[in-house]
Each structure stands twice: as C-alpha cells, then as structure tokens.
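Structure at a glance
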Amino acid sequence: MAAISLENGRLGSAEQEQYWSSGFLFPIKLMEADVASDARAALEAVERDWLDAGLPLPLNTYKRINAHVVMPFVAELARAPAILDVVEGVLGPDILLYSAEFFVKEPKTSHVVSMHQDLTYWGLGAIDGLVTAWLALSPATPESGCMDFVAGSHKNPILPHEDTFDANNLLSRGQEVRVDVEEGDKTRIELQPGEMSLHHGLIIHGSGPNVSEDRRIGCVFRFIRPDMRQEVGARDFAMLVRGEDRFGHFTPVPPPKRLFSPESLALYDEIRAEQAKTMMKGASASVALYG
Ligand SMILES: O=C(O)CCC(=O)C(=O)O
C-alpha cells in the first residue's frame, strides 16, 4: 500500500477524517529506513548488554511496558517532532506519553496477540483521547505477524473480553474480545521499517504468529490528552511530551538520564505496582504485570 503523504509532516483534514471513521490510519512514512534501523540497533544493544546484567526484573518486562521510564533512547524517540506532529492531528497540541512498549515477535515463533480493545483494562474509560502510534523497526507483514484492525470497530463501547492467560499471547491477561471476527473484516496493517500506523484505543485488533526469518519489532507509543484521567486506580503516570498539562491528572514522569539508573528503576516499580492493581482488577488468575 502506498504510504500516506503528509503535508509538512502533519495530518490534513482528509487523513483526520479517515482516522475518525476507520479508527486507524496507515502507512505513515515517518523516517528513513536507516533511522529506523538505528532505533532497532539501540534496542538490540540493550538486549545484548542488559539481558544478564542483574536488573531487578526480567529485561523483557522493561521492553514490554513503560520502556520510556528506563530507556533514554525510547523517551527521546517518543518526543521526536516527526511523531508528535502527526499525533497532534488527533489529540491536539497538548500531549502526554502514557506508555512506550516493544512488541517483539522472534522469527518462526508462535506468539500472537488475540483480538482485543486496548482500553479494556487500563482504567481510562472508553475514551477518544488516546492514540497508539506503532512504529515498525522491521518489516511488519502478514508473514511476520503484522497487526489486523477491524475498521469502524472503535465506535463500540468497551466490549466484554475473556482472559485466556495463554503463554503464547503477548497481552497481560491474554484477553480476547468476545466477538467473532471474520477474516474478511480484518485490514492487514503492513508496514515497512520507518513507517507507522495510528490506532484508536477502542479499535478491535490483534496479530498472528511470525513465520518469517526476521524479528518483527514494533516500537509502540500510547499518547493521551492531559484531560484524560485514571478512573479505576488511585493514580497514574505520564510524561509530558508536547505543549502543556493544565490538568495534573497524571503524576509526571521525567525522561530518564541514563539506561536503568537506580532512580528510574525505582519509579518504574512504583508505576508498575499502581498499574498492575488497575490492569489485574477482576482477573480470575493473579499474574504479575508482564513478569
Ligand atoms: O504488535 C502487535 O502485534 C499488537 C500490538 C497491540 O496490540 C497494540 O499496539 O495495541
């Protein structure tokens, strides 16, 4: 699919209409492939240098959720003007980063993401003020397990989900929306390295296994408007990345100064403890948040 061409790197009214009517937008050419490959190299250097470095939690946990809290290059990427100029077209001028996550599927593995709505367990309600920017650091194709979106499904409320706790599922509870999705209703979100998709927090989406020879790496940013608030947990956290926060609903997260510094690891634990209470509320089994 030809990449969406942006004027001055920003969404025009046609792209905005497409986002609000489908619940997603792709492929947005964000950076040259060699810049994406630098970001991939930064992640792979962390994987090489920190896997057995005695971190308090498995390295995978820090990759899978809130990577921006402990990895400076992730917080920096989230603040890249090229990304925020696009996101501003959905959220407006004031933008918080709620989470940054790597969704990695190793070559020839069976990891999947079941069909779900992101906002189901985040305690933020069924809101329009959250958008996910999924940046491809390697090819995301049907073969490598790219995401599938159900167009228009973001117009639903939060639908009932079932927890599977399946070990092959990359989601916290292995949650699956209790709706039968026909193959023909899925749009395959193919992305080349350096391309990005946007999706609404209520869109029904998932992804299949990676049967390709390469890793499938998505660098995923969840951006929110500052007027959103945590409705289930006692408090929540976010990093101001553009504009102003006139609401103060989220405890501010500073960009980390160096990889896995003691202060950033302590903050990571605090966020994880709070968010786990919200995410695991009502779960039939007790599991650590991406432990
Ligand atoms: O990377 C994937 O396959 C799924 C990611 C996802 O569910 C999300 O970004 O909301």
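The rules behind the values
Residues numbered from 1 in each chain as written. Predicted model: local features only at pLDDT ≥ 70, side-chain atom pairs only at ≥ 80, totals over all residues. Heavy atoms only, no water. Near = heavy atom within 4 Å. Polar contact = N/O pair within 3.5 Å; in protein donor to acceptor, adjacent residues only side chain to side chain. Areas by Shrake-Rupley, 256 points an atom, 1.4 Å probe, with all protein chains shown as cover. Helix = DSSP H or I, 4+ residues; strand = E, 2+ residues; numbered from the N terminus. Nonpolar A, V, L, I, M, F, W, Y, C, P; charged D, E, K, R; others polar. Buried < 20%, exposed > 50% of the residue type's maximum accessible area, 1.4 Å probe, protein only. Pairing = 2+ DSSP bridges. Salt bridge = Lys/Arg side-chain N within 4 Å of Asp/Glu carboxyl O. Axes fitted to C-alpha atoms, helices over the stretch in contact; angles between N-to-C directions. Phe/Tyr/Trp six-rings, centres within 6.5 Å; stacked < 30°, edge-to-face > 60°.

Looking now at the site of the ligand. Taken together, 13 residues surround the ligand, and among them Asp118, His205, Ser207, Arg216 and Arg222 come closest. Taking Arg216, its side chain carries an N or O atom lying 2.8 Å from an oxygen atom of the ligand. Note that an oxygen atom of the ligand is positioned 2.9 Å from one of the side-chain N or O atoms of Arg222. Computed on the free molecule, the ligand has an accessible area of 290 Å², of which 100% lies beneath the protein chains in the complex. Those elements that place two or more of their residues in the shell around the ligand are β2 (95-105), β3 (113-116), β10 (205-207) and β11 (216-224). By residue number, the principal contributor to the shell around the ligand is β11, which donates three residues. By residue class, the composition of the shell around the ligand is five nonpolar, four polar and four charged.

On to the pairing of strand β9 (residues 195-200). Within β9, six of the six residues are buried, which leaves it mostly tucked inside the rest of the structure. Burial of the side chains of β9 extends over both faces: Glu195, Ser197 and His199 are buried on one face and Met196, Leu198 and His200 on the other. Bridge count between strand β1 (residues 24-29) and β9: four bridges; the pairing is antiparallel. Bridge assignment links Lys29 to a residue of β9, and that residue is Glu195. As defined by bridge partners, strand β4 (residues 130-136) adjoins β9 across five bridges and the pair is classed as antiparallel. Within the sheet, the bridge partner assigned to Leu135 lies in β9 and is Met196.

When you line up the elements, Gln275 lands in helix α7 (residues 262-279). When its relative accessible area of 7% is taken as the criterion, Gln275 is described as buried. Among the polar contacts listed, one links the side chain of Gln275 to the side chain of Asp236, at a separation of 2.9 Å.

This part is about the pattern of salt bridges. The full count for this structure, using the stated rule, is 26 salt bridges. Across the salt bridge formed by Glu101 and Arg64, the nearest N and O atoms sit 3.1 Å from each other. Taken together, the residues Glu101 in strand β2 and Arg64 in helix α3 (residues 59-64) connect sequence positions 37 residues apart. When its relative accessible area of 5% is taken as the criterion, Glu101 is described as buried. The buried category is assigned to Arg64, whose relative accessible area is 7%. Between Arg222 and Asp118 there is a salt bridge; the shortest N-O distance is 3.4 Å. On the criterion of sequence distance, the pair formed by Arg222 in strand β11 and Asp118 in the loop between β3 and β4 is long-range, its members being 104 residues apart. Assigned by exposure class, Arg222 and Asp118 land together as buried. Shared partners join several salt bridges into a network, and the residues in it are Arg40, Glu44, Glu47, Lys63, Glu106, Asp214 and Arg215.

Before going further, it helps to examine the sheet that holds strand β5 (residues 147-150). Read from one edge to the other, the open sheet built from four strands follows the order β3-β10-β5-β8, with strand pairing classed as antiparallel. Edge positions in the sheet fall to β3 and β8 (186-189), since each has one partner strand and no second. Averaged over neighbouring strand pairs, the angle between their axes works out to 25° when direction is ignored. In this sheet, β10 lies alongside β3 in antiparallel orientation, the contact comprising two bridges.

Tallying each qualifying case throughout the model produces 10 aromatic pairs. Taking 6.2 Å as the distance between ring centres and 45° as the angle between the ring planes, the aromatic pair formed by Phe24 and Phe26 counts as tilted. The burial state of Phe24 is the same as that of Phe26; both residues are buried. Pairing Tyr62 with Phe260 gives two aromatic rings, centres 5.5 Å apart and planes at 70°, and the pair type is edge-to-face. Of this pair, Tyr62 sits in helix α3 while Phe260 sits in the loop between β13 (251-252) and α7, and the two are 198 residues apart along the sequence. What makes Tyr62 buried here is its relative accessible area of 0%. Ring pairs connect the aromatic residues Trp50, Tyr62, Phe260 and Tyr268, which therefore count as one cluster.

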